[in-house]
Amino acid sequence: MKSITKFSNSTLLLTLLLITTTYAANIEIRNECPYTVWAAASPGGGRQLNTNQVWNLNVPAGTVMARVWGRTNCNFDGSGRGRCQTGDCGGVLNCQGWGQPPNTLAEYALNQFGNQDFYDISLVDGFNIPMEFSATNGGCKRIRCTADINGQCPAQLRAPGGCNNPCTVFKTNEYCCTQGQGTCGPTNFSRFFKDRCRDAYSYPQDDPTSTFTCPAGTNYRVIFCPRGGSSKPYDNFPLEMVGEIV
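Residue indices follow the written sequence of each chain, beginning from 1 at its first position. Local features in this predicted model are restricted to residues of pLDDT 70 or higher, and side-chain atom pairs are both shown and tallied only at a pLDDT of 80 or more, whereas totals for entire chains, interfaces and linings draw on every residue. Derived side-chain values reflect all non-hydrogen atoms in the structure, with water molecules and hydrogen atoms excluded from consideration.

### Here we look at the nonpolar core
Working step 1: Here the nonpolar core consists of buried residues drawn from Ala, Val, Leu, Ile, Met, Phe, Trp, Tyr and Cys, with membership extended through side-chain atoms lying within 4.5 Å. Each residue gets one of three labels from its accessible area relative to the maximum for its type: buried under 20%, exposed over 50%, partly exposed in between, using a 1.4 Å probe on protein chains only. Judged by nonpolar contacts, the single largest core of 47 residues is most densely connected at Ile27, Ile149 and Phe224.
Working step 2: The contact criterion used throughout is that any non-hydrogen atoms of two residues lie within 4.5 Å. Aside from chain neighbours lying at most four places away, what touches isoleucine 27 is Trp55, Asn56, Leu57, Val59, Val68, Tyr108, Tyr220 and Val222.
Working step 3: With six residues, the next largest nonpolar core counts Ala40, Val92, Cys95 and Leu105 among its residues.

### Side note on the side chain of asparagine 103
Working step 1: Relative to the assigned elements, asparagine 103 resides in the loop between β6 (82–86) and β7 (105–112).
Working step 2: In contact with asparagine 103, other than residues within four places in its own chain, are Trp69, Gly70, Gly87, Ser122, Asp125, Gly126, Phe127 and Asn128. Helix and strand assignments come from DSSP, with helices taken as H or I runs of at least 4 residues and strands as E runs of at least 2, each series counted from the N terminus.

### Overview of a nonpolar patch on the surface
Working step 1: A cluster of nonpolar side chains, namely Val64, Met65 and Trp98, defines an oily patch on the protein surface of about 330 Å² accessible area.
Working step 2: Tracing the backbone through its elements, the reader meets valine 64 in the loop between β4 (54–59) and β5 (66–76). The patches reported here contain residues having more than 30% relative accessible area and no salt bridge. Joining distances are 9 Å for like charges and 5 Å for nonpolar side chains (Val, Leu, Ile, Met, Phe, Trp, Tyr). Note on areas: these come from Shrake-Rupley sampling with a 1.4 Å probe, and a residue is covered only by the protein chains present in the view. Criterion for a salt bridge: a side-chain nitrogen of Lys or Arg within 4 Å of a carboxyl oxygen of Asp or Glu.

### Section: the pairing of strand β9 (residues 131–135)
Working step 1: Among the five residues that make up β9, five are buried, leaving the element largely enclosed by the rest of the structure.
Working step 2: In short, DSSP must find at least two bridges between two strands for them to pair. Pairing analysis gives three bridges linking β9 to strand β10 (residues 143–145), with the strands arranged antiparallel. Bridged to glutamate 132 within β10 is arginine 144.
Working step 3: By the bridge criterion, five bridges tie β9 to strand β14 (residues 220–224) in an arrangement that is antiparallel. Its bridge partner being in β14, serine 134 is matched across the sheet by arginine 221.

### Some remarks on the state of the cysteines
Defined simply, a disulfide is a covalent bond joining two cysteines at their sulfur atoms.
Working step 1: In plain terms, two cysteine sulfur atoms within 2.5 Å form what is called a disulfide here. Under the counting rule described, the total for this entry stands at eight disulfides.
Working step 2: Each sulfur in the disulfide pair cysteine 167 and cysteine 176 lies 2.0 Å from the other. What sets the handedness of the cysteine 167 and cysteine 176 disulfide is the S-S torsion sign, and at about 110° it is right-handed. Here cysteine 167 matches cysteine 176 in class, with each residue buried.
Working step 3: The disulfide partner of cysteine 177 is cysteine 184, and the gap between their sulfur atoms is 1.7 Å. Residues cysteine 177 and cysteine 184 share a disulfide whose torsion about the S-S bond is about 85°; that sign makes it right-handed.
Working step 4: Residue class for cysteine 177 comes out buried when judged on its relative accessible area of 9%.
Working step 5: According to the relative accessible area criterion, cysteine 184 is buried, its value standing at 13%.

### A few points about unusual backbone geometry
Working step 1: Omega for the peptide link from serine 42 to proline 43 comes to 5°, which places this bond in the cis form.
Working step 2: With phi around 55°, methionine 65 is a residue other than glycine that occupies positive phi space.
Working step 3: Note that methionine 65 resides in the loop between β4 and β5.
Working step 4: According to the relative accessible area criterion, methionine 65 is exposed, its value standing at 60%.
Working step 5: Of note, asparagine 115 is a non-glycine position whose phi angle comes to about 55°, a positive value.
Working step 6: Within the secondary structure layout, asparagine 115 lies in the loop between β7 and β8 (116–122).

### Side note on the environment of glycine 151
Working step 1: Tracing the backbone shows glycine 151 in helix α2 (residues 149–152).
Working step 2: Residues glycine 151 and cysteine 163 lie twelve residues apart in sequence; the distance between their C-alpha atoms is 8.7 Å.

What follows is the structure, encoded as C-alpha cells:
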C-alpha cells in the first residue's frame, strides 16, 4: 500500500509539474532605448537594462494582474535603494509593488477563460517610454505605443520625464471611472492618447479596442523604444513643441 501511495503521489506531482510547465510563459524584456531603463515587473522585481540588454522572466500559469514597465532617471545605492523620476516603486531596485505614474504599462493575465492569455498596453497610468508587446512566435497581434506622447503632452498633464493620464491629475470619476461600469466615457484627454496609440488603453473602460488574446502557453516580448518609433526622453523636447488641449 505504501508503494502504491508513493507512486500515486509521484504521478500527481509529475502531472502538476507538466501542466505548470506547459502553460507558464517566458516574458522577454528588451531595452532598445538609447539610454538606460530600469525595467520593473510585477511579479518579477526589477533590473537595470542598458541599451540592447535583455531580461527574461518565467511567469507561472494562472498569473493575473501582472505588469511590466520601465523606470527612467534612476539612482540606486549598493543595497538597491534609491529613486526614479518615472515608474518608481517604493524607492527600491527590486520592485515589490506597482510603479508610480507616469509609466507606460504592459499588462497580462495567463491561462484564463477559454485557455486564453489576455494582454494589453495601458496608458491609464500615463506614458513615459515607447513600448511594444507581442508574442515571440508572431502568431498573435503585435501591439505598440511609439508615438511622441511626451513631446506632445498637453500642458495640464505634463510631468517630469513623462505625460500623466488625466485620472492621475484630476482624480474624478469622469477620468477614473471610479463609480463603476458605464459611468464614464472618452474625453478630450483620453482621445489625445487614443489618437496616437490606437491599440492602447486610454481610460479605464477602454476595453473593446484595447484587450487582446493569445493561446495559453504563448511566450511574449516587451520592448522599450522599439525600432521605428520615438525613443526620446521628455526633457529633450523644447516647450514650443508641446501641444495643449483647451
